Amino acid sequence: MSSDRGFRVSGQTILGIAALVFGVVFLLDNMDILDARQYVPYWPVFLIAFGLLRVFQPRGGAGSRVWGLIFVIIGGVLLLRTLGLSDIGFRELWPLILVLIGASLLWGSSYRSRVIWGTTPPADPHSLVSGFAVLGGFQRSLNSQDFRGGELSAIMGGCEVDLRQASIKEPEAVINTFAFWGGIKIKVPTSWSVSLQGFPFLGGYDDKTSQPSDPTAKRLVIKGTAIMGGVEVTN
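This next bit is on the overall build of the chain. When you go through the chain residue by residue, the secondary structure sums to four helices and 11 strands. The burial tally for the chain puts 39% of its 235 residues in the buried class. Summarising the internal contacts of the chain: among those between residues at least 6 apart in sequence, 62% fall at separations of at least 24. As displayed, the chain has an accessible area near 13,300 Å², and 60% of this comes from carbon and sulfur atoms.

Attention shifts here to the environment of R164. Summarising the element assignment, R164 is placed in the loop between β4 (158-162) and β5 (172-180). Overall, the relative accessible area of 38% leaves R164 in the partly exposed class. Discounting residues that sit within four places of it in the chain, R164 has contacts with K187, V188, P189 and N235. Here the side chain of R164 touches D162 through a polar contact of 2.8 Å, side chain to side chain.

Right, let's talk about unusual backbone geometry for a bit. With phi around 55°, L135 is a residue other than glycine that occupies positive phi space. Backbone geometry at W181 places phi at a positive 55°, although glycine is not the residue there. Tracing the chain through its elements places W181 in the loop between β5 and β6 (183-187). A residue is classified by how much of its surface remains accessible, and W181, at 47% relative accessible area, is partly exposed.

What follows deals with the nonpolar core. Among the nonpolar cores identified, the biggest contains 25 residues, and F147, L163, I175, I186, L220 and I222 are the most heavily contacted of them. Mapped onto this core, the elements with two or more residues apiece are β1 (128-134), β3 (149-155), β4, β5, β6, β10 (219-227) and β11 (230-234). Not counting the four nearest positions on each side in its chain, L163 is found in contact with L142, F147, I175, I186, K187, P189 and W192. Counting residues in each nonpolar core, the second largest holds seven residues, with V66, W67, F199 and I227 among its members.

Our next topic: the packing of aromatic side chains. Any two aromatic rings considered together are summarised by their centre-to-centre distance and by the angle between their planes. Summed over all chains, the structure comprises four aromatic pairs. Ring centres 5.6 Å apart and planes at 55° place the aromatic pair F22 and F46 in the tilted group. Of this pair, F22 sits in helix α1 (residues 11-30) while F46 sits in helix α2 (residues 44-56), and the two are 24 residues apart along the sequence. We classify F22 as buried; its relative accessible area is 18%. Ring geometry for F147 versus W192: centroids 6.2 Å apart, planes at 20°, classification stacked. Of the two residues, F147 is situated in the loop between β2 (137-141) and β3 and W192 in the loop between β6 and β7 (193-196); the sequence distance between them amounts to 45 residues. Take F147: its relative accessible area is 1%, and that puts it in the buried class. Taking the relative accessible area as the measure of exposure, W192 reaches 3% and is therefore buried.

Before going further, it helps to examine the pattern of salt bridges. Across all of its chains, the model carries eight salt bridges by this definition. Of the charged contacts in the structure, one is a salt bridge between E160 and K187, with a shortest N-O distance of 3.6 Å. On the criterion of sequence distance, the pair formed by E160 in strand β4 and K187 in strand β6 is long-range, its members being 27 residues apart. Judged by relative accessible area, E160 falls into the partly exposed class, the value being 29%. Taking the relative accessible area as the measure of exposure, K187 reaches 19% and is therefore buried. The partner of E232 in a salt bridge is K185, with the nearest N and O atoms 4.0 Å apart. Pair noted here: E232 is in strand β11 and K185 is in strand β6, with a separation of 47 residues, a long-range link.

Right, let's talk about a nonpolar patch on the surface for a bit. On the surface, F132, V134, L135, M156, W181, L202 and M228 cluster together into a nonpolar patch covering about 770 Å² of accessible area. Residue placement: M228 occurs in the loop between β10 and β11. Overall, M228 belongs to the partly exposed group, its relative accessible area being 36%.

The rules behind the values
- Residues numbered from 1 in each chain as written.
- Predicted model: local features only at pLDDT ≥ 70, side-chain atom pairs only at ≥ 80, totals over all residues.
- Heavy atoms only, no water.
- Helix = DSSP H or I, 4+ residues; strand = E, 2+ residues; numbered from the N terminus.
- Buried < 20%, exposed > 50% of the residue type's maximum accessible area, 1.4 Å probe, protein only.
- Contact = heavy atoms within 4.5 Å.
- Areas by Shrake-Rupley, 256 points an atom, 1.4 Å probe, with all protein chains shown as cover.
- Polar contact = N/O pair within 3.5 Å; in protein donor to acceptor, adjacent residues only side chain to side chain.
- Core = buried A, V, L, I, M, F, W, Y, C linked by side-chain atoms within 4.5 Å.
- Phe/Tyr/Trp six-rings, centres within 6.5 Å; stacked < 30°, edge-to-face > 60°.
- Salt bridge = Lys/Arg side-chain N within 4 Å of Asp/Glu carboxyl O.
- Patch = residues over 30% accessible without salt bridge, like charges linked within 9 Å, V, L, I, M, F, W, Y side chains within 5 Å.

Next comes the structure, spelled out in structure tokens:
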């Protein structure tokens, strides 16, 4: 039977292969068949594989691709040093991570303008939510009957948005999120379905809502990146 979804490799597959390979290497080392020290330095290969997975099979939009590219670059630099082909280390390249993070945030902002606003901004200014918390907190409640989405950023701070009195006219609304050592909490009506498409890096996206059984329910899509932070959606 054919499937239109195609073959996909998950992050767990990469982790499982890595555990299997290194388990065999260490087992053979204990049996004095080979020297594990000759093979362990090549571990960046799996970092590159995980990065390529994020680039070509993104599940978190631009944020996932950006972090996938970061993993590929870091893994590539470490592997070249292991092979003796380069003297460049992570210390020389770490500013590139800031460049890629900035590019991801700018893309998210332009995404809001192109997709959420459309050709013109909505007539109701409360149709969009925008919050930016740095070393502090941001709280807001919206009751717009034409909610379209927006963007929320929390850097060592917190954002809390209550949408339980709002409604979505279009099939879905999109909120772009960025959490860095911070947290974002979004409350939604029980009639909405939630789709988490963000990319967590040492962080997490958590859907604690009771998903409606109605297949035609309006959908809230959560995109973005959580770095050592979290995004939580509840009712």
